[in-house]
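What follows is each chain in one-letter form.
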Amino acid sequence: MTIEELRARIDRIDSGLIRLYAERLETAAEIGKYKQEHNLPVFDPAREREVLNKVGAEAGEANENGVRALFSFLMAQSRTSQMLDRKQESELGKLIRRSVEETPKLFPEKAKVACQGVEGAYSQQACEKMFRSPAITYCKTFGDVFSAIESGECEYGVLPIENSLAGSVNSVYDKLLSRKCYIVRSARVKIDHTLLVKPGTKPEDIREIWSHEQAIQQCSDFLSKNKQWQVNVSSNTAAAARMVAESGRKDVAAISSGRCAQLYGLEILKTDIQNNSNNHTRFICISRKPEIYPGADRTSLMLALPDRPGALYQLLGRFNAQGINLTKLESRPVPGKDFEFMFCFDIDASVYSPAFTRLIEELDVTLEKCVYLGSYSELA
Ligand SMILES: O=C(O)C(=O)C[C@]1(C(=O)O)C=C[C@@H](O)C=C1
């Protein structure tokens with residue numbers, strides 16, 4: 001047979017498959033109606049297991065895995081169409097729709113905002129990117145930022161969530177999971193580390209360096225050329241700059257942003273001392289209530305998957321079926337549990353798109369745990 005003839009045969013098989021696919025979906029829709037009338041849930045895991053075992057056995061060893069994967073996809077499609085026919089929103093679907101309706105059309109220009117660190121911190125730069133005139137309260141720890149919002153002392157909080165070189169800020173993810181706050185905006189800030197000293201200090205005078213541990217890591221090449229310096233960790237790069245300014249010593253230096261030079265009366269001895277100049281941190285703005293402002297095109301979720309082969313594959317298949325892109329996928333251990341993991345997803349889709357609504361309905365109904373962290377847009 002020629003390739004053309006073989007392809008014509010495949011085309012005929014495909015037409016048959018399409019007809020059977022539509023027929024299967026129509027039958028599932030009828031079952032969906034029955035379930036609705038009899039108050040039965042859409043998802044029937046026992047029936048799905050039965051179907052998968054049956055078709056797997058029927059397919060025989062050679063085709064078992066492929067056939068099981070195909071049918072788990074087909075059943076997920078049935079579930080989506082049954083859920084959409086119900087026109088009954090899931091709890092999460094309702095929360096997102098109400099938040100879109102109730103959130104003002106403009107992001108506030110003024111607000112009481114909690115940031116971690118001291119004046120000059122990168123969090124402050126992120127905060128000023130997000131709000132035109134924020135009233136900033138500085139907190140000692142990330143946990144204190146959450147507490148300031150929970151107590152009502154501040155309306156919003158700004159926290160780092162991810163760095164392009166060091167990756168996710170895990171403690172912030174863990175707190176988002178355990179404390180009830182939502183992401184309402186994000187912003188990218190370019191990180192430029194500089195070496196700051198008291199005016200008049202010369203490079204050869206320096207004996208000690210102070211900075212935040214991430215900044216120290218990010219400048220490791222520069223520091224390894226100056227092994228005689230003793231490197232000390234401080235809570236924050238801006239706190240290190242303030243410490244140098246207040247120390248009265250001329251043998252200490254801070255790794256901090258150039259902005260802190262002016263702020264604390266320091267001199268820049270060297271700019272751009274990081275290993276990689278493409279260094280950005282993403283900051284999030286959190287609030288007590290979910291607020292979804294116009295233009296929200298990113299949604300963060302944390303999902304728990306059943307501990308079985310193919311669970312993540314099947315979930316990713318749902319994103320693919322809706323044509324939705326992911327900008328982040330990472331696993332996080334559940335705090336306090338042995339080897340239990342949740343997956344952090346950043347979904348790249350407008351909250352107004354039907355595909356996003358369908359996906360949310362599906363995830364909320366089928367997954368054991370789906371924690372919604374917020375829908376927002378990112379300032380570049
Ligand atoms: O048998 C059912 O209850 C159906 O709704 C059909 C179907 C399927 O597509 O085979 C779809 C969803 C259920 O979770 C189980 C099976």
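About the cut-offs
Residues numbered from 1 in each chain as written. Predicted model: local features only at pLDDT ≥ 70, side-chain atom pairs only at ≥ 80, totals over all residues. Heavy atoms only, no water. Domains from an automatic or database assignment. Axes fitted to C-alpha atoms, helices over the stretch in contact; angles between N-to-C directions. Helix = DSSP H or I, 4+ residues; strand = E, 2+ residues; numbered from the N terminus. Parallel < 35°, antiparallel > 145°, perpendicular 65-115°, else oblique. Left-handed = near helix turned anticlockwise from the far one by under 90°. Contact = heavy atoms within 4.5 Å. Nonpolar A, V, L, I, M, F, W, Y, C, P; charged D, E, K, R; others polar. Buried < 20%, exposed > 50% of the residue type's maximum accessible area, 1.4 Å probe, protein only. Patch = residues over 30% accessible without salt bridge, like charges linked within 9 Å, V, L, I, M, F, W, Y side chains within 5 Å. Areas by Shrake-Rupley, 256 points an atom, 1.4 Å probe, with all protein chains shown as cover. Salt bridge = Lys/Arg side-chain N within 4 Å of Asp/Glu carboxyl O. Lys, Arg positive; Asp, Glu negative; His and termini not counted. Charge placed at Lys NZ, Arg CZ, Asp CG, Glu CD. 1 Å grid on protein atoms, 1.4 Å probe; cavity = no way out; pocket = protein on both sides within 12 Å on 5 of 7 lines; lining within 4 Å. Points joined across faces, edges and corners; volume = space filled by probe spheres on them.

An unreviewed UniProt entry lists the chain under the name Chorismate mutase / prephenate dehydratase, from Aristaeella lactis.

Asks: What is the right way to read the domain arrangement of the chain from this model?
Replies: Interfaces are often sized by the accessible area lost when the parts come together. What the domain assignment lists for the chain is domain 1 (1-88) and domain 2 (193-270). The centre of domain 1, based on its C-alpha atoms, is set 63 Å off from the matching centre of domain 2.

Asks: I keep staring at the packing of helix 1 (residues 3-37) against helix 3 (residues 64-86) and nothing clicks. Help me out?
Replies: Any two packed helices are characterised by how steeply their axes cross, that is the angle between the axes, and by the distance between the axes. As a packed pair, helix 1 and helix 3 sit with axes 9 Å apart at the nearest point and diverge in direction by 50 degrees. On the basis of the axis angle, helix 1 is oblique to helix 3. The handedness of the crossing between helix 1 and helix 3 comes out as right-handed. Contacts between helix 1 and helix 3 involve Tyr21, Arg24, Leu25, Ala28, Ala29, Ile31, Gly32, Lys35 and Gln36 from the first element and Phe71, Leu74, Met75, Gln77, Ser78, Ser81, Gln82, Asp85 and Arg86 from the second. Looking at side-chain class alone, the contact of helix 1 with helix 3 contains eight nonpolar, six polar and four charged residues.

Asks: Please clarify how helix 12 (residues 311-321) should be interpreted in this entry.
Replies: An α-helix turns once per 3.6 residues; consequently, residues spaced three or four apart project the same way. Taken together, the buried positions of helix 12 are Ala311, Leu315, Gly317, Arg318 and Phe319. The elements touched by buried residues of helix 12 are helix 3, strand 12 (298-304), strand 13 (325-333), strand 14 (341-348) and helix 13 (354-366). Following helix 12 by one or two positions, glycine 323 has its phi on the positive side, about 65 degrees.

Asks: Sorry, what's going on with a negative patch on the surface here?
Replies: Taken together, the side chains of Asp307, Asp338, Glu340 and Glu368 make up a negatively charged region of the molecular surface. Overall, aspartate 307 belongs to the exposed group, its relative accessible area being 83%.

Asks: Please explain the layout of surface pockets as it appears in this structure.
Replies: If a probe the size of a water molecule is rolled over the atoms, the empty space left behind becomes visible. Here the largest pocket is characterised by a volume of approximately 910 Å³. As for the largest pocket, its lining consists of 30 residues, of which Ser72, Arg308, Gly310, Ala311 and Gln314 are closest to the centre. Broken down by element, the lining of the largest pocket gets its largest block of residues, eight residues, from helix 12. Its residues placed into classes, the lining of the largest pocket shows 15 nonpolar, seven polar and eight charged. Taken as a whole, the second largest pocket spans an internal volume of roughly 450 Å³. Lining the second largest pocket are 23 residues, and of these Phe142, Pro160, His212, Gln214 and Thr281 sit closest to its centre. Of all elements in the fold, only helix 5 (122-130), strand 3 (156-163), helix 7 (170-178), helix 8 (213-218) and strand 11 (280-287) reach the threshold of two or more residues within the lining of the second largest pocket. No other element matches helix 8, which puts four residues into the lining of the second largest pocket. Partitioned by chemical class, the residues of the lining of the second largest pocket number eight nonpolar, 14 polar and one charged.

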